[in-house]
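The residues making up each chain are set out below.
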Amino acid sequence: MDAIILQILNGLDKGSAYALIALGLTLIFGTLGVVNFAHGALFMIGAFCAVTFSRLLTLSHQVVDETRTDFLGNPLKVDVPYMHDLFGEGTGAAIIDWAVPLSILFSIPVMIAIGVIMERGLIKHFYKRPHADQILVTFGLAIVLQEVIKQVFGANPIPTPAPEVFRGSLDFGVLLGFDPNAIIYPYWRLVYFGFAAVIIGAVFAFLQFTTFGMVVRAGMADRETVGLLGINIDKRFTIMFGLAAAVAGLAGVMYAPINSPNYHMGMDFLVLSFVVVVVGGMGSLPGAVLAGFLLGILESFASMNEVKSILPGIDQIIIYLVAIIILLTRPRGLMGRKGVMED
Amino acid sequence: MSKTILSRRGLLRTGAIAGAGLAVPTIFTASSARAFTNAPSGGAVTLGFNVPQTGPYADEGADELRAYELAVEHLNGGGDGGMLGTFSSKALEGTGINGHKVEYVTGDTQTKSDAARASAKSMIEKDGAIMITGGSSSGVAVAVQGLCQEAGVIFMAGLTHSNDTTGKDKKANGFRHFFNAYMSGAALAPVLGDQYGTDRKAYHLTADYTWGWTQEESIKAATEALGWETVETVKTPLAQTDFSSYIAPVLNSGADVLILNHYGGNMVNSLTNAVQFGLREKQVNGKQFEIVVPLFSRLMARGAGENVKGILGSTNWHWSLQDEGSKAFVKSFGTKYGFPPSQAAHTCYVQTLLYADAVQRAGSFDPCAVAEALEGYEFDGLGNGPTLYRAEDHQCFKDVLVVRGKENPTSEFDLLEVVQVTPRGQVEYAPDHPMFAGGALGSCNSGA
């Protein structure tokens, strides 16, 4: 029982990342009709926003420590962050420690700007082109973005730790009456799950309870009629592209402490997120969220030793297997709408 | 006066013969004027540096390339000479190799076997490379070694740690200076016994490919010989990024040690995840839970940040070594590039010098003469103490370092501290050891 609870918890944080990326993907598809293969790259850029902001906070000047030597035997040059000079060592260190949560503020405008530039500069030229063209151009863009990141930050992963207070893990099992160490769960993954829930809730509330959201939903249902009413739906859809980029970016920012960011992390998530979108139903926001968590949890269960001893290799194919079964039984996905990608 | 009449049939026949002749890859033919593949004809000789310039190991590849450039500079008499001054052989004098100025071409392995073979083939066929060296993966090393054997050039392996490279996949034209998984296990096990005791239960997470399998087999055998019990061995997909679902069951398994048979991005992520799950803070079976990473790389350890602190592992070489050879290399490399070299850089630099020295001693670039000069060769002064290039499998035997993640690093390069220099005698094994069985060197191929 404790193993099952543990894998559900594991699946929730993995599912959170899938759901956040898939939410943005399906939002772009539902509004603009574009299959955006560069969406994983936006997740990766979000993680590197956290890296960049951390580096900005740790910008330093060097002080020579005559008592120690470097690898060449010269007096050691010690980096002293400007934050320590500005706010004192204690406060400066605390600000640096909270770099990842603080970088949310930095990343939102950056990601929206990247999203809008991407949409206006490239993707809008492919609205009327076949989906195959859109996939090729966005996939190409994703490769360009990841190579740019690699040139700037290198190929190795870059450690981006969570604040000290969120390091370590919670003995969840003890709270549920199990033995100590039965269900251990890292604090930051709990934070990630909570953060994902807030972002998903905020996106739904925005679309459901604001006039802007209502127009966007109307545009998703019937773009032509909304245009005939004199509403500039294109402008709103561009803003939605920016928002979708911000959602993917935020997912990346908060994911940085879970796995050290590297230039190909977007590609690692992209294919799975597409499967999530297809399983959830193209263009369906609740479907993307539901499928994200469902596939995340199933993936965790499939990696249990007990399951793998019965079905070797199942952990590598479970998501695709489930996708096949769902698409055979429900061709439009779990919550797909009639008419989407069926013309 | 005679008149040549060219018929249509004759033209076709002549064309077909000429075309077939041109189509035969030059790699598999030897010019009648030359006794071996790519024999140098001018005043220069070309070496082929095949390293990952793109892909996940690009940073390691960049460090290898820096080391190669430094080696070429030293061979041609530039810089401070580096390890030429400490190398026990005094055959090299900074005047190139056998009087030929050293030039080089580079290829990108992308850490993919097919891409690595293609780039090596191109350097041999188009650029006339007489020796291929480099790489950061055992899969690539085995693939390129096979190609060099067919092509009749020497392959001086870069970073490759699988037993198979000089085990079942060994080749007469291939030579490895880097240590292997068996040596990691043999060096690490006694230290693990001293530090953590002999009554331990180990849980293995293993990258599901050739290197991971041999690493698991080696460390498992070594720790079981100590008295440790292996609770579980779990293979993880090479493309895995989040290891939480593999790490979560560890504490419930009864194990009190987690052994991560992972390298590169896998290692960074699995170690980070294991520390996040608080494994190192737990007490299991009345003992402190421990994590072991059998193959450590300083470049990779940097990606795991503070999570490497206190973790034991093994490494081929470390810049903090105080022997004259290591100090000379660190000084040359550090002065030129501003930071200390990695173990990948060290092994690549040393391999280039060893090749050049073998050519110089043999007095010929003929691959078979070079191989003969390397086989059974004893040398010193290159950073690992007295070393033997064993004739039976072309594996170097030398001291192995057991290292630990440093608690108080002074810089981003100061991540590992040497716990023990395990003497060469402790990591040696018979050429027919079961972990290395199944292959044969075969005969040297000079391409003649």
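Cut-off values and rules
Residue numbers run consecutively from 1 along every chain, following the written order of its sequence. Lettering for chains starts from A, numbering for ligands starts from 1, and both go in the order in which the items are written. Residues qualify for local features only when their pLDDT is at least 70, as the model is predicted, and side-chain atom pairs are given and counted only at 80 or more; totals for whole chains, interfaces and linings, by contrast, use all residues. UniProt positions are given in the numbering used here, feature names are shortened, and annotations may be inferred rather than shown by experiment. Elements are defined by DSSP. Helices are runs of H or I of four residues or more, strands are runs of E of two residues or more, and each kind is numbered from the N terminus. C-alpha atoms define the radius of gyration in this analysis, and the globule rule sets the expected value at 2.2 Å times the number of residues to the power 0.38. Contacts are defined on C-beta atoms placed from the backbone: any two residues whose C-beta positions lie within 7 Å are in contact. We call a residue exposed when 12 or fewer other C-beta atoms sit within 10 Å of its C-beta, buried when the count reaches 20 or more, and partly exposed for counts in between; the C-beta positions come from the backbone. Core membership is restricted to buried Ala, Val, Leu, Ile, Met, Phe, Trp, Tyr and Cys residues, and these are joined into a nonpolar core through C-beta atoms within 7 Å. For the purposes of this description, domain bounds are those given by an automatic or database domain assignment. Under this grouping Gly is polar, as are all residues other than the nonpolar Ala, Val, Leu, Ile, Met, Phe, Trp, Tyr, Cys and Pro and the charged Asp, Glu, Lys and Arg. Between any two strands, at least two bridges found by DSSP are needed for them to pair. Here, expected helix span is obtained from the residue count minus one, scaled by 1.5 Å. Every residue gets a pLDDT, meaning the predictor's confidence in that residue, from 0 to 100. Handedness of a crossover: with both strands directed away from the viewer, a clockwise path from the first strand across the helix to the second marks it as right-handed.

Per an unreviewed UniProt entry, chain B carries the name ABC transporter substrate-binding protein and comes from Salipiger pallidus.

You'll find chain A entered in an unreviewed UniProt entry as Branched-chain amino acid ABC transporter permease, with Salipiger pallidus given as the organism. The Sequence similarities (unreviewed entry) field of the UniProt record for chain A holds the comment "Belongs to the binding-protein-dependent transport system permease family. LivHM subfamily." Under the UniProt heading Subcellular location (unreviewed entry), the entry covering chain A gives this text: "Cell membrane".

**Comments concerning the overall build of chain A**
Secondary structure assignment for chain A yields 15 helices and 4 strands. Over its C-alpha atoms chain A spans a radius of gyration of 22 Å, differing by no more than 12% from the 20 Å that the globule rule assigns to 343 residues. Its C-alpha atoms put chain A at 75 × 50 × 35 Å along the principal axes.

**Some words on the overall build of chain B**
In terms of helices and strands, chain B carries 13 helices and 17 strands. Here the C-alpha radius of gyration of chain B, 24 Å, is about what a compact globule of 448 residues would show, namely 22 Å. On the principal axes, the C-alpha backbone points of chain B span a range of 105 × 50 × 40 Å. Restricting to contacts in chain B with at least 6 residues of sequence separation, those with at least 24 account for 72%.

**A closer look at the environment of Glu232(B)**
Following the sequence through the fold, Glu232(B) ends up in strand S7 (residues 229-236). For Glu232(B), a count of 15 C-beta atoms within 10 Å corresponds to the partly exposed category. With near-sequence residues (within four places) excluded, Glu232(B) lies in contact with Asn305(A), Tyr203(B), His204(B), Ser253(B) and Ala255(B).

**Observations regarding the environment of Gly40(A)**
All names here are of chain A. For Gly40, the location among the structural elements is in helix H2 (residues 39-57). By C-beta crowding, Gly40 is classed as buried, having 29 other C-beta atoms within 10 Å. Each C-alpha atom, one on Gly40 and one on Ile325, is 25 Å from the other, the two residues being 285 residues apart in sequence. Here Gly40 is in contact with Ile21, Ala142, Gly266, Met267, Phe269, Leu270 and Ser273, once residues within four sequence places are set aside.

**A short note on the interface of chain A and chain B**
Listed by partner, the interface residues are 38 residues for chain A and 39 residues for chain B. For the side of chain A that touches chain B, the secondary-structure elements that each account for two or more residues are helix H1 (2-32), strand S4 (184-186), helix H12 (265-280) and helix H15 (314-329) of chain A. The element contributing the most residues to the side of chain A that touches chain B is H1(A), with 6 residues.

**Observations regarding unusual backbone geometry**
The bulk of non-glycine residues show a negative phi, and the bulk of peptide bonds are trans. In the Ramachandran plot, Thr111(B) falls in the positive-phi region, its phi being about 55° despite a non-glycine side chain. Mapping Thr111(B) onto the fold places it in the loop between strand S2 (101-108) and helix H3 (113-125).

**Looking at the nonpolar core**
Leu23(A) and Leu258(B) are the most contacted members of the largest nonpolar core, which has 222 residues in total. When residues of this core are assigned to domains, at least three fall in each of domain 1 (44-179 + 319-392) and domain 2 (182-315) of chain B. Discounting residues that sit within four places of it in the chain, Leu23(A) has contacts with Ile200(A), Val203(A), Val247(A), Leu285(A), Ala288(A) and Val289(A).

**Notes on the domain arrangement of chain B**
All names here are of chain B. Domain boundaries assigned for chain B yield domain 1 (44-179 + 319-392) and domain 2 (182-315). When each unit is reduced to the centre of its C-alpha atoms, the spacing between domain 1 and domain 2 is 30 Å. Between domain 1 and domain 2, the residue contacts involve 14 residues of the former and 15 residues of the latter. Within the residue set of the side of domain 1 that touches domain 2, elements represented by two or more residues are helix H2 (58-75) and helix H4 (138-151). Per element, the largest residue contribution to the side of domain 1 that touches domain 2 is 3 residues, and it comes from H2. Considered class by class, the residues forming the side of domain 1 that touches domain 2 number 3 nonpolar, 7 polar and 4 charged.

**With respect to the sheet that holds strand S15 (residues 396-397) of chain B**
Residues and elements named next belong to chain B. Here we have 3 strands laid out as an open sheet, ordered S13-S14-S15, and antiparallel in their pairing. Looking at the sheet topology across the chains shown, the edges are occupied by strand S13 (377-379) and S15. Relative to strand S14 (residues 387-389), S13 is paired through 3 bridges, and the arrangement is antiparallel. Across the sheet, Tyr377 pairs through a bridge with Tyr389, a residue of S14.

**Concerning the UniProt feature "transmembrane region" (unreviewed entry) in chain A**
Residue and element names in this part refer to chain A. Under the UniProt annotation, the feature "transmembrane region" (unreviewed entry) is placed at residues 16-35, 42-64, 98-118, 190-216, 236-257, 269-298 and 310-328. The straight-line gap between the two end C-alpha atoms of residues 16-35 is 21 Å; of that span, 85% is helix and 0% is strand. Within residues 236-257, the helical portion is 91% and the strand portion 0%, while the C-alpha atoms at the span's ends are 33 Å from each other.

**Section: the sheet that holds strand S4 (residues 154-157) of chain B**
Strand pairing in a sheet relies on backbone hydrogen bonds. The paired strands run either parallel or antiparallel. Here 5 strands make up an open sheet; going across it, the order is S2-S1-S3-S4-S5 (chain B) and the pairing parallel. Sheet topology places S2 and strand S5 (174-175) of chain B at the edges, where each strand pairs with a single neighbour.

**Re H4(B)**
Helical periodicity: at 3.6 residues per turn, an α-helix aligns residues three or four positions apart in one direction. Residue and element names in this part refer to chain B. The terminal C-alpha atoms of H4, which comprises 14 residues, lie 20 Å apart, in line with the 20 Å expected from a rise of 1.5 Å per residue. Among the 14 residues that make up H4, 12 are buried, leaving the element largely enclosed by the rest of the structure. Within the span of H4, buried status applies to Ser138, Gly139, Val140, Ala141, Val142, Ala143, Val144, Gln145, Leu147, Cys148, Gln149 and Ala151. At its buried positions, H4 is contacted by strand S1 (44-51), H3, strand S3 (131-134), S4, S5 and helix H6 (210-226). Residue Gly152 follows H4 closely and has a positive phi angle near 80°.

**Some details on the confidence of the model for chain B**
Residue and element names in this part refer to chain B. The share of residues in chain B with pLDDT of 70 or more is 92%, and the mean pLDDT across the chain is 91. This stretch, residues 1-6, has a pLDDT under 50; its non-local contacts, to residues over four places away or in other chains, come to 1 contact. pLDDT under 50 marks residues 19-33. Its contacts with residues more than four places away, or in other chains, come to 11 contacts. Interface confidence for the predicted complex, given as ipTM, is 0.83, next to a pTM of 0.85.

**Thoughts on the pairing of S3(B)**
All names here are of chain B. Covered by surrounding structure in S3 are Met131 and Thr133 together with Ile132 and Gly134, the residues of both alternating faces. Here S1 runs beside S3; their pairing, made up of 3 bridges, is parallel. Paired with Leu47 across the strands is Met131, a residue of S3. As paired strands, S3 and S4 are joined by 4 bridges and run parallel to one another. Bridging across to S4, Gly134 finds its partner in Ala157. What joins S3 to S4 is H4, and the crossover it makes is right-handed.

**Quick word on the UniProt feature "domain: Leucine-binding protein" (unreviewed entry) in chain B**
Sequence positions flagged by UniProt for "domain: Leucine-binding protein" (unreviewed entry) are, in local numbering, residues 45-406 of chain B. Segment residues 45-406 of chain B splits into 40% helix and 20% strand. End C-alpha atoms: 43 Å apart.

**What to know about the environment of Ser253(B)**
Residues and elements named next belong to chain B. With respect to the helices and strands, Ser253 occurs in the loop between helix H7 (244-247) and strand S8 (257-261). Between the C-alpha atoms of Ser253 and His161, which are 92 residues apart in sequence, the distance is 29 Å. Not counting residues up to four positions away in its chain, the partners in contact with Ser253 are Tyr203, Val231 and Glu232.

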